[in-house]
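Chains, contacts and geometry: an overview
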Amino acid sequence: MKFTDIPEGSRALLRKGTVLPAHPLLLTAERKLDEARQRAVTRYYVDAGAGGMAVGVHTTQFAIREVGLYEPVLRLAAETAYAWTDRPLLMVAGVTGNTEQALNETRIARGLGYHAVLLNLARLKGQSEIEILKHCRAIAAEMPVIGFALLPEVGGFHLSYDFWRAFAGLDNVVAIKMAPFDRYRTIEIIRGVCDAGSQDRITLYTGNDDHIILDLVQPFVVRSADGKSEHRLRIRGGLLGHWSVWAEKAVQQFERIHAIADGAAIPEDILALDSMVTDCNLAIYDALNNLAGCIPGCLEVLRRQGLAAGTWCLDENEVLSPGQSEQIDRVYAMYPEMNDDLFVKKNLTRWLSGNAAANPLLR
């Protein structure tokens, strides 16, 4: 499957840049898949205006593979999303593991109607970059690939400029999600894409939860070594666990940013959003505890809204950190304009019941 095999509307979404929430896993108190709520959250993202979603990624919990839920969860999201709307969607599947496992997951995703795979390299830590690039090439031979720079705090590791330049040269790489939470390494990846001559083929997506808004508004300057040429690249979209909550407001913020022409002045209130969104992420993603409670934090927000029944994870030790709930209380009080509780309240019954009747409250 090549990029040109993706339906035209979905290709356009990827290239233009869009909002891609990282889909969480909704469980019952017995830690079984809560199918009704899993479907409800998928419908929530569609109705919030997200361009699609990423499933089988960190926010979905990597342990779904160990309990036989990888294929069922991917199938549930794809079937639900495609049945809920006629507009184009961009569906991304997370794949991980050694080459054999990653190839198997890629083929599952392709068979379920996903358009690209987000390639998590965490399991290859310790291997040479030559071996890792070989792994990437094998996956790209099967399906369009979105590269993934994952920070060490959640299992990733840093790769060099030389790796990203070589990776950007692979034909079926269509995007890169940059999530090193590190400005130096973010710039290094962008420089690698540009120096590979792939800036018109590879769309840049942010996963830097600590700089979401600034990533989306700032131009990145890449000059040639002799200083005779210069390119200005933009991060066009985001694939974020933070966007798994308050998705309607994330879409509104994103659309405001996209409406600003390249080179135009950025309104001060847009720039001010960066610190507010980052502070909200501090609470939800548990930044004060090295992100230990990031998945329960997202589930806690969904629980407060009624979308999730609880914050249960497959690993019973994965819980909210001490003080994290109070931090979420704090950002709710400080930044009430950030949440989409009213939107969820008005639509929750529809999403849980599967009633797709036209809703005049939707944009």
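Residues numbered from 1 in each chain as written. Predicted model: local features only at pLDDT ≥ 70, side-chain atom pairs only at ≥ 80, totals over all residues. Heavy atoms only, no water.

1. Thoughts on the overall build of the protein
- The helix and strand inventory of the protein stands at 13 helices and 9 strands.
- Computed over C-alpha atoms, the radius of gyration of the protein comes to 19 Å, within 12% of the 21 Å expected from 2.2 N^0.38 for 363 residues, which places it in the range of a compact globule.
- Counting only C-alpha atoms, the protein reaches 60 × 50 × 40 Å along its principal axes.
- The buried share of the protein, taken over its 363 residues, is 55%.
- Surface exposure of the protein reaches about 14,800 Å², of which carbon and sulfur atoms provide 51%.
- For the protein, the centre of its 38 positive side-chain charges and the centre of its 44 negative side-chain charges are spaced 4 Å apart. (Helix = DSSP H or I, 4+ residues; strand = E, 2+ residues; numbered from the N terminus. Rg over C-alpha atoms; globule rule 2.2 N^0.38 Å. Buried < 20%, exposed > 50% of the residue type's maximum accessible area, 1.4 Å probe, protein only. Areas by Shrake-Rupley, 256 points an atom, 1.4 Å probe, with all protein chains shown as cover. Lys, Arg positive; Asp, Glu negative; His and termini not counted. Charge placed at Lys NZ, Arg CZ, Asp CG, Glu CD.)

2. Description of the packing of aromatic side chains
- Under the counting rule described, the total for this entry stands at 9 aromatic pairs.
- Summarising the aromatic geometry, the rings of Phe 163 and Trp 164 are spaced 5.1 Å apart at their centres and angled 80 degrees between planes, so their arrangement reads as edge-to-face.
- The class for Phe 163 is buried, based on a relative accessible area of 2%.
- A residue is classified by how much of its surface remains accessible, and Trp 164, at 3% relative accessible area, is buried.
- Through successive ring pairs, a cluster of aromatic residues spans Tyr 44, Tyr 45, Phe 343 and Trp 351.
- Note that Arg 15 overlies the ring of Phe 3, its terminal NZ or CZ placed 4.1 Å from the centroid. (Phe/Tyr/Trp six-rings, centres within 6.5 Å; stacked < 30°, edge-to-face > 60°. Lys NZ or Arg CZ within 6 Å of the ring centre and 35° of its normal.)

3. What about helix H2 (residues 35–48)?
- In a regular helix each residue adds 1.5 Å, so 14 residues correspond to 20 Å; H2 covers 20 Å between its end C-alpha atoms and thus fits that length.
- Extensive coverage of H2 is indicated by the burial of 10 of its 14 residues.
- Among all positions in H2, only Gln 38, Ala 40, Val 41, Thr 42, Arg 43, Tyr 44, Tyr 45, Val 46, Asp 47 and Ala 48 are buried.
- Tucked inside the fold, the buried residues of H2 contact strand E1 (19–21), strand E2 (52–55), helix H3 (70–84), helix H9 (247–258), helix H11 (294–305) and helix H13 (341–353). (Expected span 1.5 Å × (residues − 1). Contact = heavy atoms within 4.5 Å.)

4. So, the confidence of the model for the protein
- Confidence along the protein averages 95 in pLDDT terms, with 98% of residues attaining 70 or more.
- Predicted confidence is poor over residues 359–363, with pLDDT under 50, and the contacts of this stretch with residues over four places away or in other chains come to 11 contacts. (pLDDT = per-residue confidence, 0-100.)

5. Observations concerning the environment of Met 178
- Tracing the sequence through the fold places Met 178 in strand E6 (residues 173–179).
- When near neighbours in sequence (up to four residues on either side) are disregarded, Met 178 contacts Ala 149, Thr 186, Ile 189, Ile 190, Leu 204, Tyr 205, Thr 206, Gly 207, Asn 208 and Ile 235.

6. Things to note about the environment of Arg 236
- Structurally, the position occupied by Arg 236 is in strand E9 (residues 230–240).
- A relative accessible area of 28% places Arg 236 in the partly exposed class.
- Between the alpha carbons of Arg 236 and Glu 8 there is a distance of 18 Å; along the sequence they are 228 residues apart.
- Those residues in contact with Arg 236, other than ones at most four positions away along the chain, are Lys 16, Gly 17, Thr 18, Thr 203, Leu 204, Leu 216, Phe 254, His 258 and Asp 262.
- Only 3.0 Å separates the side chain of Arg 236 from the side chain of Asp 262, close enough to count as a polar contact. (Polar contact = N/O pair within 3.5 Å; in protein donor to acceptor, adjacent residues only side chain to side chain.)

7. Focus on the pairing of E6
- With 7 of 7 residues buried, E6 lies mostly within the body of the structure.
- Taken together, the 6 bridges between strand E5 (residues 145–150) and E6 define a ladder with parallel strand orientation. Residue pairing across strands places Leu 150 opposite Ala 179, the latter belonging to E6.
- A crossover links E5 with its parallel partner E6, the connecting element being helix H6 (residues 161–168), and its sense is right-handed. (Pairing = 2+ DSSP bridges. Right-handed = clockwise from strand over helix to strand, strands pointing away.)

8. Overview of the nonpolar core
- Among the nonpolar cores identified, the biggest contains 126 residues, and Tyr 44, Tyr 114, Leu 121, Phe 163, Phe 167, Trp 246 and Leu 307 are the most heavily contacted of them.
- Setting aside anything within four residues of it in sequence, one finds Leu 307 in contact with Leu 26, Arg 37, Ala 40, Val 41, Tyr 44, Leu 302, Val 344, Leu 348 and Trp 351. (Core = buried A, V, L, I, M, F, W, Y, C linked by side-chain atoms within 4.5 Å.)

9. Digging into the pattern of salt bridges
- A complete count under the given rule lists 18 salt bridges for this structure.
- Asp 215 is paired through a salt bridge with Arg 183; the nearest N and O atoms lie 2.7 Å apart. In this pair, Asp 215 sits in helix H8 (residues 212–217) while Arg 183 sits in helix H7 (residues 183–195), placing the two residues 32 residues apart along the sequence.
- You can call Asp 215 buried: its relative accessible area is 0%.
- Assessed through its relative accessible area of 25%, Arg 183 is described here as partly exposed. (Salt bridge = Lys/Arg side-chain N within 4 Å of Asp/Glu carboxyl O.)

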